[in-house]
Amino acid sequence: MREPAREPGHGQSPQAAERTAVEVAEARDIMLGSLRPLGTETVGLGHATGRVLAEAIVSERTIPPRDNSAMDGYAVRSDDTARVPATLRVVDTIPAGHATSRALGPNEAMRIFTGAPIPPGADAVVMQEHTEAGDGEVLVLKAARSGDHIRRAGSDVAPDAPIAATGTRLRPALIGMLAALGRTQVRVFRRPRVAIIATGDELVEPDRLIDDGRIGNSNSYGLRACIEEAGADPIYLGIAPDRPDALRETFRDALRFDAIVSTGGVSVGDHDFIKQVLAELGGTLRLWRVRMKPGAPLAFVMVGAVPVFGLPGNPVSTLVSFEQFVRPALLRMMGHNEIFRPVESAILAEDFEKAAGRMHFVRVLLRIREGQVYAFVSGDQSSGILLSMVQAQGLMILPEEATHIPAGTRVQVQMLDRSDMRRTPGF
Ligand code: AMP
Ligand code: MG
């Protein structure tokens with residue numbers, strides 16, 4: 001296997017390894033630079049939620065197609081209501097979905113309902129609430145101005161109006177708009193099928209967990225959720241033991257998918273065979289070791305066109321590495337315009353100490369006080385402590401060179417789930 005020039009190799013001192021590892025931004029560039037959007041497919045609107053547009057949407061229609069009423073009430077000529085109260089003769093009724101061929105004459109009104117087309121001659125609608133119905137006539141109590149309560153043809157969308165660009169995620173409003181434009185199908189990028197492999201002799205599936213010292217495989221389940229949340233299609237291939245032959249078989253099988261995410265076995269331990277096995281399968285190691293915490297060992301290997309993300313095994317390292325690298329990579333493969341999580345500014349609420357040399361992703365709780373967002377460390381930051389990740393709403397990004405970060409410092413926080421922030425009570 002061709003290894004990058006910086007490849008630290010085994011037996012290196014931790015200090016040397018740190019120096020030869022790449023920084024987070026470079027690691028991201030290496031991975032994203034290797035990936036392109038997959039192909040496209042056409043889906044029905046009923047299956048389009050969360051998918052990514054592989055076509056630019058330009059309106060071919062006028063919406064609404066005709067001037068129509070925004071209210072239940074009476075279509076009038078506004079001049080006829082200049083002096084109120086005004087009595088008008090009701091000459092027709094136009095329910096939604098119907099039209100009248102009759103034009104409105106002087107001192108005439110037509111009963112009209114929301115969505116019904118405005119009859120010729122009328123230039124306003126008087127709300128029902130501002131009228132009193134009589135026998136064959138209506139008493140208008142409030143003067144109408146020309147254009148009142150009329151939704152103009154094309155006021156939503158005119159022909160040739162740009163609606164959405166390629167790479168836009170299909171949210172409900174856009175799906176509704178496509179339907180309004182008369183579309184029943186839409187061209188989207190294919191969702192990557194992503195194989196998940198756990199490695200480790202100490203692991204056991206959650207339903208087999210007994211008190212024998214083995215560890216429940218949490219990574220594969222967390223990853224599955226991450227992949228699903230990103231909009232890709234996870235396929236779980238089980239736990240592979242720490243043996244080169246077994247790992248080779250599992251990875252060989254996984255190569256039929258669009259991407260592979262494995263956990264564990266990428267460190268320098270005697271049982272860490274992932275890199276070796278992928279080399280035997282013809283892979284090119286593009287990257288190993290990133291200057292970050294948690295999650296320094298990380299193998300990125302291309303086997304043909306299939307990216308393999310060999311993530312570290314510690315549960316938080318797995319999730320944080322997924323966030324930094326795999327999620328953007330999958331979104332790139334899905335043709336997304338926006339592949340990164342939003343980063344927001346917050347004020348650090350307590351002192352934080354770190355060693356220089358690695359970028360830290362610190363699990364934080366976010367609290368809002370007087371419109372200002374404050375970040376609190378969510379608990380023990382060891383890479384095996386999943387609970388502090390469960391409770392975190394974001395990852396505070398601390399640059400490599402930072403060491404002492406005093407309370408009150410403005411920091412950048414990568415948002416894991418924006419919706420959680422509003423639920424957080426003030427303090
Ligand atoms: P490794 O990177 O294989 O040395 O694993 C590092 C640590 O992460 C070990 O303590 C493992 O027990 C733990 N670990 C590895 N894989 C998993 C997994 N799938 N679920 C939970 N913990 C894991
Ligand atoms: Mg292991």
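Scroll up a little and you will see the structure.
Residues numbered from 1 in each chain as written. Chains lettered and ligands numbered in written order. Predicted model: local features only at pLDDT ≥ 70, side-chain atom pairs only at ≥ 80, totals over all residues. Heavy atoms only, no water.

**What to know about the layout of surface pockets**
By rolling a water-sized probe across the atoms, one finds the places where empty space is left.
And step 1. By volume, the largest pocket amounts to about 1,200 Å³.
And step 2. In this structure, the largest pocket is lined by 39 residues; those nearest its centre are E229, E323, R327, R341 and L416.
And step 3. Secondary-structure elements contributing two or more residues to the lining of the largest pocket are helix 4 (219-229), helix 7 (315-333), helix 8 (387-391) and helix 9 (418-423).
And step 4. For the lining of the largest pocket, the class distribution of residues is 16 nonpolar, 10 polar and 13 charged.
And step 5. Approximately 490 Å³ is the volume found for the second largest pocket.
And step 6. Together, 31 residues line the second largest pocket, and G264, P312, G313, N314 and P315 are the ones closest to its centre.
And step 7. At the level of elements, strand 15 (215-216) and helix 7 are the ones that each hand at least two residues to the lining of the second largest pocket.
And step 8. Of the residues in the lining of the second largest pocket, the class split is eight nonpolar, 18 polar and five charged. (1 Å grid on protein atoms, 1.4 Å probe; cavity = no way out; pocket = protein on both sides within 12 Å on 5 of 7 lines; lining within 4 Å. Points joined across faces, edges and corners; volume = space filled by probe spheres on them. Helix = DSSP H or I, 4+ residues; strand = E, 2+ residues; numbered from the N terminus. Nonpolar A, V, L, I, M, F, W, Y, C, P; charged D, E, K, R; others polar.)

**Re the site of ligand 1**
And step 1. Neighbouring ligand 1 are 14 residues; E202, N217, N219, G265 and G313 lie closest to it.
And step 2. One of the side-chain nitrogen or oxygen atoms of N217 is found 2.8 Å away from a nitrogen atom of ligand 1.
And step 3. Between ligand 1 and N219, the relevant distance is 3.3 Å, taken from a nitrogen atom to a main-chain nitrogen or oxygen of the residue.
And step 4. The cavity that encloses ligand 1 is the second largest pocket.
And step 5. Classifying every residue of the shell around ligand 1 gives three nonpolar, 10 polar and one charged. (Near = heavy atom within 4 Å. Polar contact = N/O pair within 3.5 Å; in protein donor to acceptor, adjacent residues only side chain to side chain. Sits in = over half its atoms within 2 Å of the grid points.)

**Concerning unusual backbone geometry**
And step 1. Here the residue pair V84 and P85 is connected by a cis peptide bond, since its omega of -5° sits within 30 degrees of zero.
And step 2. Position of P85 among the secondary structure elements: in the loop between strand 4 (73-76) and strand 5 (86-94).
And step 3. The peptide bond linking K293 to P294 adopts the cis configuration, its omega dihedral lying at 0°.
And step 4. Mapping P294 onto the fold places it in the loop between strand 19 (292-293) and strand 20 (299-303).
And step 5. Located in the positive-phi region is N107, a residue other than glycine, with phi close to 55°.
And step 6. Along the chain, N107 turns up in the loop between strand 5 and strand 6 (108-112).
And step 7. Even without being a glycine, D160 presents a positive backbone phi close to 75°.
And step 8. Along the chain, D160 turns up in the loop between strand 10 (150-151) and strand 11 (162-164).
And step 9. Its relative accessible area of 62% is what places D160 among the exposed residues. (Buried < 20%, exposed > 50% of the residue type's maximum accessible area, 1.4 Å probe, protein only.)

The analysis is restricted to geometry; functional conclusions fall outside its scope.
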